[in-house]
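Structural overview for review
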Amino acid sequence: MSNQTVQVLDVRNIPESMQIMCVTLQGLINRKKPRLYLLWSRWSPGAHANYRPESELRWLQIYKREYGLNFKLISPSDSISSVHTFSEFDRAQACALDVISEFASEVDGYIIYDPQFRDTINVATTMAGIKNAIVTSPAYIETLNDFGLREIEDLRGRWENKIDAYRWAFNNLWQECNHKLLACMEVASPHLPFNCHHIRDYLVAHKVFTYDLSNNPRDKEEVALIDEIQSAAEPLSIVLGWRTSRDSPTYYVARNSMHGHLTLCCLASPNLSFHSHFKAKTEVFKQKHKHVDPSQVTVEPKVYITFLLSDGDAMHMMLNFQNDRWNDPNRGKVPFAWGIEPLTLDFAPAVLEHYYKTLTENDYLVAALGLGYVYVGKMPKEIVGKYYELLKSYMDKLDLKVLWAIDRDPFHSPFLNTPGHLKEVMTEHESKLREFILGVLAGFAQPPEIPILWAGDIPIVTCKLSSRSIYQTYRDIQKLAETFKERPLFLFVIVSNNDSGVSEIKAVTELLDPAEYKVVLPDEFLIAVALWRKASKNLNSA
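Heads up: these notes are all about the structure in this document. (Residues numbered from 1 in each chain as written. Predicted model: local features only at pLDDT ≥ 70, side-chain atom pairs only at ≥ 80, totals over all residues. Heavy atoms only, no water.)

**Quick look at the packing of helix H18 (residues 470–483) against helix H19 (residues 502–511)**
For any two helices packed against each other, one specifies the crossing angle of their axes together with the interaxial distance. At their nearest, the axes of H18 and H19 sit 9 Å apart, and the two run at 45° to each other. The pairing of H18 with H19 is recorded here as oblique in orientation. Pair H18 / H19 crosses with right-handed handedness. Residues Ile470, Tyr471, Thr473, Tyr474 and Ile477 of H18 pack against Glu504, Ala507, Val508 and Leu511 of H19. Here the contact of H18 with H19 is composed, by residue class, of seven nonpolar, one polar and one charged. (Axes fitted to C-alpha atoms, helices over the stretch in contact; angles between N-to-C directions. Helix = DSSP H or I, 4+ residues; strand = E, 2+ residues; numbered from the N terminus. Parallel < 35°, antiparallel > 145°, perpendicular 65-115°, else oblique. Left-handed = near helix turned anticlockwise from the far one by under 90°. Contact = heavy atoms within 4.5 Å. Nonpolar A, V, L, I, M, F, W, Y, C, P; charged D, E, K, R; others polar.)

In structure tokens:
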């Protein structure tokens with residue numbers, strides 16, 4: 001792909017309806033090779049609080065340097081100016097129309113969604129991938145006809161409610177869809193639809209069945225339809241997008257897990273149809289930190305602390321440089337762990353490779369929530385073993401030895417982690433898990449009295465606190481150290497990516513007395529836990 005020129009279209013200042021046309025076009029023309037890259041705004045429909053527009057520009061620089069790509073920012077052409085004057089369409093709209101006109105010959109037509117019934121955007125997205133069509137509002141019919149495109153479907157007035165719409169789509173479109181991918185994309189939220197459009201390029205490119213249905217048990221008809229759709233997908237399929245505002249993350253992940261599927265959070269993850277084309281240059285991914293030899297670890301009577309940045313399982317975290325925490329000038333100056341999404345190897349390999357190439361010896365990568373986001377305690381028993389086999393293949397490829405896991409049962413305790421479920425499942429598969437993991441860091445902040453759990457000889461250390469500010473974190477660590485006086489004491493701390501990063505944790509560590517506290521990376525942390533247990537057993541048996 002060296003010396004290839006990729007067109008860059010700025011969609012930040014065009015109407016949502018035009019953004020939908022552009023992103024569905026992007027999915028079609030990027031199927032065979034990467035040709036179109038979109039720039040989105042933080043506040044445009046489809047944006048999310050963790051979306052950082054500057055990240056997209058940074059990736060352009062990286063692709064230019066590493067792959068020799070050239071990028072051309074689209075400007076209005078003479079052909080568009082001759083059709084529409086700028087008094088009717090501003091510059092940004094003219095650029096978008098220019099792109100659609102240029103690639104119109106590669107598109108079979110257009111599908112009209114109903115602006116009064118937004119669920120038709122999702123039905124149209126599913127159809128677009130199958131019919132090689134772009135999705136449009138009625139406002140652009142005449143313009144698209146001028147470009148030589150034809151109407152393929154008009155979804156206006158077709159259905160009275162979302163159940164009827166998605167039922168029709170499932171009955172009529174599913175057989176031609178990808179059976180290994182699904183997408184939940186909320187379009188009917190009373191709030192800003194923060195995950196509406198960014199990944200529609202990928203959904204169209206890969207013919208992904210797309211819906212906006214709630215997993216909340218009170219929404220019985222929607223749940224029943226989700227169950228039917230997900231039962232038709234292949235085991236260990238990936239559910240893209242994110243949950244609706246009518247349910248919760250726990251209900252969403254739990255139901256996906258109950259069907260044996262993986263949840264990949266893609267709230268603000270643009271240009272996946274572009275990123276997915278670039279294969280990593282290396283066949284071997286290696287962490288720069290040398291994995292600790294257990295024989296070199298001596299357990300001291302101190303408070304052991306390991307810090308892990310939150311939300312690394314989300315694709316937007318991989319694309320926004322871990323909420324820009326990766327670019328902190330203090331990175332590498334303190335032991336710090338980063339959750340990464342192993343599925344990035346498939347969806348954005350070059351993005352994943354960038355993290356490995358820029359690692360320091362004080363950075364440590366952890367498999368964030370496994371593959372995607374799953375509650376293994378809710379997965380069908382016949383699927384769990386296959387899931388762990390798949391997880392092993394990714395962790396081995398990526399030189400990952402530590403798993404950050406969350407397990408919840410929203411039907412009994414929706415706001416609490418259930419590490420006991422995790423322990424039960426892992427104990428059943430301990431022999432396989434011992435082949436590729438040192439241990440598990442579990443959950444977000446949990447009641448501090450929860451002890452270290454053991455799946456056979458595999459430690460499961462629950463998170464004792466969540467770091468949000470320098471002094472709050474320092475005070476909480478001190479309080480835990482004063483409350484639990486036994487030494488060694490092991491504290492796993494989640495660092496909230498919206499509130500803290502490497503610089504804040506560096507400041508915290510500088511406040512801690514090294515005679516009493518020891519900040520380590522997760523591998524040394526979990527090895528010390530295992531050695532402490534072994535020493536305790538020997539002491540008790542003496």
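Following the structure, the description resumes.
**Overview of the packing of aromatic side chains**
According to the stated counting rule, one finds 26 aromatic pairs in the structure shown. Aromatic pair Phe71 and Phe274: ring centres 6.3 Å apart, planes at 50°, arrangement tilted. On the criterion of sequence distance, the pair formed by Phe71 in strand E3 (residues 70–73) and Phe274 in helix H11 (residues 272–275) is long-range, its members being 203 residues apart. We classify Phe274 as buried; its relative accessible area is 0%. Ring centres of Tyr202 and Phe347 lie 5.1 Å apart, and the angle between their planes is 40°; this geometry places the pair in the tilted category. Within this pair, whereas Tyr202 is found in helix H8 (residues 200–205), its partner Phe347 is found in helix H13 (residues 344–347), the two being separated by 145 residues in sequence. An aromatic cluster is built from Tyr37, Tyr63, Tyr67, Phe71, Phe274 and Phe278, whose rings are joined through pairwise contacts. Across from the ring centre of Phe321, 5.0 Å away, lies the NZ or CZ of Arg58, which sits over that ring. A cation over an aromatic ring shows up here: Arg158 above the ring of Trp168, its NZ or CZ 5.2 Å from the ring centre. (Phe/Tyr/Trp six-rings, centres within 6.5 Å; stacked < 30°, edge-to-face > 60°. Buried < 20%, exposed > 50% of the residue type's maximum accessible area, 1.4 Å probe, protein only. Lys NZ or Arg CZ within 6 Å of the ring centre and 35° of its normal.)

**Details of unusual backbone geometry**
The residue after Arg487, namely Pro488, is reached through a cis peptide bond having omega 5°. Unlike most non-glycine residues, Asp399 shows phi in positive territory, near 60°. Tracing the sequence through the fold places Asp399 in the loop between helix H15 (381–397) and strand E14 (402–405).

**Examining the sheet that holds strand E2 (residues 36–39)**
Within the open sheet, the three strands sit side by side as E2-E1-E3. Their pairing is parallel. What marks the edges here is a single partner per strand, and that holds for E2 and E3. Strand-to-strand twist across the sheet, computed as the mean angle between neighbouring axes with direction ignored, equals 30°. By the bridge criterion, four bridges tie strand E1 (residues 5–10) to E3 in an arrangement that is parallel. Following the sheet pairing, Gln7 is matched in E3 by Lys72. Its contacts with the sheet put helix H1 (residues 16–29) on E1 and E2, and the angle it makes with E2 is roughly 155°. Across the sheet, helix H4 (residues 91–103) lies against E1 and E2, angled at about 140° from E1, the strand it touches most. (Pairing = 2+ DSSP bridges.)

**Some remarks on the packing of helix H7 (residues 162–173) against helix H9 (residues 220–232)**
Remark: H7 packs on H9, axes separated minimally by 10 Å, with the N-to-C direction vectors making an angle of 15°. Classified by the angle their axes make, H7 and H9 are roughly parallel. As H7 runs across H9, the sense of the crossing is left-handed. Here Lys162, Ile163, Tyr166, Arg167 and Phe170 of H7 come into contact with H9, specifically with Glu221, Glu222, Leu225, Glu228, Ile229 and Ala232. Of the residues assigned to the contact of H7 with H9, the class counts are six nonpolar, no polar and five charged.

**What to know about the environment of Gly439**
Secondary-structure assignment places Gly439 in strand E17 (residues 439–442). Distance from Gly439 to Leu308, taken between C-alpha atoms, is 14 Å for residues 131 residues apart in sequence. Setting aside residues no more than four positions away along its own chain, Gly439 makes contact with Lys401, Val402, Leu403, Ile458, Pro459 and Leu526.

Just distances and angles here, no functional claims.
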